Amino acid sequence: MTEICQRLPKVTAETFVVPLEEKRYLIYAPLRETACVGNARVVNHLMDCKEGSTRAADPAYEDLRNLFRVMGILDARAEPKPITRFKGTPEPTEVTLFLTTACNLRCTYCYAQAGDTAKKFMKPDVAFRGIEFVARNAARLGRDKFAVIYHGGGEPTVNWPTLTESHAFATTLAKELGIGFSSSTATNGVLRDSQIDWIVSHLNGASVSFDGSPELQDEHRPKVGGGGSSSQVIHTLTRFQEGGLPYGIRVTVTADHIPHLVESVKFICSRFKPKRLQVEPAYQMGRWKDAPSAETDAFIDAFREAQVAARALGQEIYFSGAKVGHLSNHFCGVTQDSFSLSPDGGVSGCFEVFAEDEKDADVFFYGHTDDKGQFQFNKKRLANLRAQTVDRHAFCSTCFAKWNCGGDCYNKSLKVNGSAEFQGSDRCHVIRELTKDQILERIAKAGGLAWLGDEESPEGKSAGKEFLL
Amino acid sequence: MKPDYQLKRVEEDSDDAMAEISSVSPSAGQNLTRRGLFASIVTAGAALVALTEPANADTAAQKKAKAKCKKKKGYKWDSKKKKCVKRSSSGGSYCSCNLVCTCDLVYY
């Protein structure tokens, strides 16, 4: 007698279940980029399959199992994890230059406390050294370009001589090496017309901090000598737009700004067309350390409302932690040998830790230049930074948003938890809620029943590419 | 508290006699009260039929072109135009909470 063995279905995707309203559950397989919403019976049948129970073969559920097969949750090939892990000596092809700690504004919530700390200015030779290092790495690695980013700790354009001289140096070096070169800056937008002209004609992009509503901008981002900055920033943005410079706008939301967020977003979207509009709750760091948190449910509600307002004006708003469509084991470059130079020539892995005398500098500064002008790296610190990926965070192991947020910001985690072990923060709640929105939107856009993945995922999406660098 | 969204059994009640898929309304993520999130409820079978027979399914040629496009560096498949298009790029490739991308969204 022949015995026919029916093979039981197998759960082949890391699958999460998120309770929703009306006794419904979001079933999300992040690495397959698929999701649907079902009732308790749907979830429990999936558990039957996971546990190998006899109900896993019940013919009454064959359609459901086939739906899960279409979603890659049952009986699919193993799913690769989006893990990138760096090793060896850093070979960055992108340098971020912290040109100065000086600033022409005195923002109430400045994480860098610019203006309260000792003024430091990067000398051109420090910038040249960093640029030459990344340019030669790019040439040796066969990359088509290297990149230079001017960033803060202060307002980069305040150190105008080093900014322009280093750009000229990079342009010449790129020609000499026969490779491309791109450059961009973060700025508060309080610029002279001559600076605006130069930026439009020389840089490839700018990230402008602007809070939208002129009243709030003037209140939270006053000039160093007093007076609001809104009219100058509006002028700069208008000139960037007229000049065709790709620019992004970053809106910082304090607790008192939350009720006005919609108004701010409408103000921006009705006047400007940034390539990207990013809305972030203010960090409780630096000058804003003891201020009320904006990482709240009120922020989430305001963000949702602002999203509706932005879309009505043809724009989308983003929050850095909610990134459905992007799979990664890291939040930013801190685990990926991000190469930022302080005014003194130290190498930091984080945009927010820009001076060697800062708290946690011994965590983030992982290199310096020696007497011969060569970069030397601290292997122990580098290894610690490289290890801060979400796949190594025990706290995140059962969170549905982990492969999208990548474990969030290491620096903020240290400031909140005060320990090396990630323990989550108020941002996690914001991230999960806004990530959930994005998944539900994906389902709705896909016809309402199930999201079966994006066809136009960003280039950074690394699913399927398990590689060690 | 550590978040826990692992797949596990959930409590069923008398309304859960059938496995049902909920259709998500287009206002998902925009509805502040989160009421009316679900437009309708369908059986798994109906959902499966709807998903495996999309009205605007790609033709065999388009499927082939899409697969080829996905392997081509610097290009992406435009599902609306049904063709391979070059990714635009400008500005730096770094995006973070402190530096807004001005290029296509490219993370480290």
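Residues numbered from 1 in each chain as written. Chains lettered and ligands numbered in written order. Predicted model: local features only at pLDDT ≥ 70, side-chain atom pairs only at ≥ 80, totals over all residues. Heavy atoms only, no water.

S.K.: For the overall build of chain A, give the residues involved together with the corresponding values.
M.R.: If you tally the helices and strands in chain A, you get 14 helices and 17 strands. Counting only residues that meet the buried cut, chain A has 59% of its 469 residues in that class. Intrachain contacts of chain A at a sequence separation of at least 6 include 71% that bridge at least 24 residues. (Helix = DSSP H or I, 4+ residues; strand = E, 2+ residues; numbered from the N terminus. Buried < 20%, exposed > 50% of the residue type's maximum accessible area, 1.4 Å probe, protein only. Contact = heavy atoms within 4.5 Å.)

S.K.: Give a detailed account of the overall build of chain B, specifying residues and quantitative values.
M.R.: What chain B contains, in helices and strands, is two helices and four strands. N-terminal to C-terminal, the α/β element order of chain B is β-β-α-α-β-β. Among the 108 residues that make up chain B, the fraction classed as buried is 43%. By sequence separation, contacts in chain B at least 24 residues apart represent 12% of the contacts at least 6 residues apart. Surface accessibility of chain B: about 6300 Å² in total, with carbon and sulfur atoms responsible for 55%. (Areas by Shrake-Rupley, 256 points an atom, 1.4 Å probe, with all protein chains shown as cover.)

S.K.: Can you lay out the nonpolar core for me, pointing to particular residues and giving the numbers?
M.R.: Residues and elements named next belong to chain A. Judged by nonpolar contacts, the single largest core of 118 residues is most densely connected at L26, L97, F146 and F339. With residues up to four places along the chain from it excluded, the contact list for F339 reads P92, E94, V95, T96, G130, F133, V134, V347, S348, Y366, F375 and F377. Within the second largest apolar cluster, 30 residues are counted, among which are Y25, V43, M47 and F68. (Core = buried A, V, L, I, M, F, W, Y, C linked by side-chain atoms within 4.5 Å.)

S.K.: Tell me what's going on with the pairing of strand β2 (residues 25–29) of chain A, and back it up with residues and numbers.
M.R.: Side-chain direction in a regular strand flips from residue to residue, so the side chains alternate between the two faces of the sheet. Residue and element names in this part refer to chain A. In terms of burial, β2 is largely enclosed, as five of its five residues are buried. The hairpin turn running from strand β1 (residues 16–19) into β2, its antiparallel successor, is five residues long, and E22 in that turn takes a positive phi close to 55°. Pairing analysis gives five bridges linking β2 to strand β3 (residues 34–38), with the strands arranged antiparallel. Looking across to β3, one finds that Y28 is bridged to A35. Two successive antiparallel strands, β2 and β3, enclose a turn made up of four residues, where E33 displays a positive phi of approximately 55°. (Pairing = 2+ DSSP bridges.)

S.K.: Please give an account of the confidence of the model for chain A that cites residues and values.
M.R.: Model confidence for chain A is summarised by a mean pLDDT of 91, while 95% of its residues fall at 70 or above. Below pLDDT 50 for its whole length, residues 456–469 of chain A participates in 39 contacts with residues either more than four positions away or in separate chains. (pLDDT = per-residue confidence, 0-100.)

S.K.: Before we move on, could you go through the packing of aromatic side chains and cite the residues and values that matter?
M.R.: Counted according to the given criterion, the structure contains 18 aromatic pairs over all chains. Taking the centre distance of 5.8 Å and the plane angle of 25° together, the rings of A:Y366 and A:F377 count as stacked. With A:Y366 in strand β14 (residues 365–369) and A:F377 in strand β15 (residues 375–377), the pair connects residues that are eleven residues apart, well separated along the chain. The exposure classification of A:Y366 matches that of A:F377, with both residues buried. Seen from their ring centres, A:F400 and B:Y5 are 4.9 Å apart, and the 85° between their planes marks the pair as edge-to-face. Here the residue A:F400 occupies a position in the loop between α11 (379–386) and α12 (402–405), and B:Y5 occupies one in the segment before β1 (20–24), the pair thus bridging two chains. Each member of the pair, A:F400 together with B:Y5, is buried. Each member of the aromatic cluster is reached from another via a ring pair, and the members are A:F133, A:F339, A:Y366, A:F375 and A:F377. Residue placement shows A:R271 over the ring face of A:F267; its charged tip is 3.7 Å from the ring centre. (Phe/Tyr/Trp six-rings, centres within 6.5 Å; stacked < 30°, edge-to-face > 60°. Lys NZ or Arg CZ within 6 Å of the ring centre and 35° of its normal.)

S.K.: Summarise the pattern of salt bridges; cite the residues concerned and give the values.
M.R.: A side chain with one charge may pair with a side chain of the opposite charge, provided their charged atoms come close. Residue and element names in this part refer to chain A. Considering all chains together, one arrives at 34 salt bridges over all chains under this definition. Among the salt bridges present, the one from D197 reaches R239, with a minimum N-O distance of 2.3 Å. Here R239 lies in helix α7 (residues 230–243) and D197 lies in helix α5 (residues 193–202), a separation of 42 residues in the sequence. The residue E433 makes a salt bridge to K436 at a minimum N-O spacing of 3.2 Å. With E433 and K436 both in helix α14 (residues 426–445), this residue pair falls three residues apart, about one helical turn. For the pair shown, E433 and K436 are each scored as buried. Residues joined in a network through salt bridges with shared partners are D301, R304, E433, K436 and D437. (Salt bridge = Lys/Arg side-chain N within 4 Å of Asp/Glu carboxyl O.)

S.K.: Report on unusual backbone geometry, specifying residues and quantitative values.
M.R.: Excluding glycine, a negative phi dihedral is what most residues carry, and trans is how most peptide bonds are arranged. All names here are of chain A. Positive phi, close to 55°, is recorded for E22, a residue that is not glycine. Its place among the elements puts E22 in the loop between β1 and β2. Residue E33 is not a glycine yet carries a positive backbone phi of 55°. With respect to the secondary-structure elements, E33 resides in the loop between β2 and β3. The buried category is assigned to E33, whose relative accessible area is 3%.

S.K.: Provide a residue-level description of the state of the cysteines, including the pertinent values.
M.R.: Each disulfide consists of one covalent bond between the sulfur atoms belonging to two cysteines. Counting across every chain of the model gives one disulfide over all chains. The residue that forms a disulfide with B:C69 is B:C84, at a sulfur-sulfur distance of 2.1 Å. Disulfide B:C69-B:C84: torsion about the S-S bond near 85°, hence right-handed. Note that B:C69 is positioned in helix α2 (residues 60–71) and B:C84 in strand β4 (residues 83–86), a separation of 15 residues in sequence. Just so you know, A:C103 is unpaired, no disulfide at all, and the nearest cysteine sulfur is the one on A:C107, 6.0 Å from it. Since its relative accessible area comes to 16%, A:C103 is described here as buried. The structure places no disulfide on A:C350, whose sulfur is separated from the nearest cysteine sulfur, that of A:C409, by 5.7 Å. On the accessibility criterion, A:C350 (8% relative accessible area) is buried. (Disulfide = S-S within 2.5 Å.)

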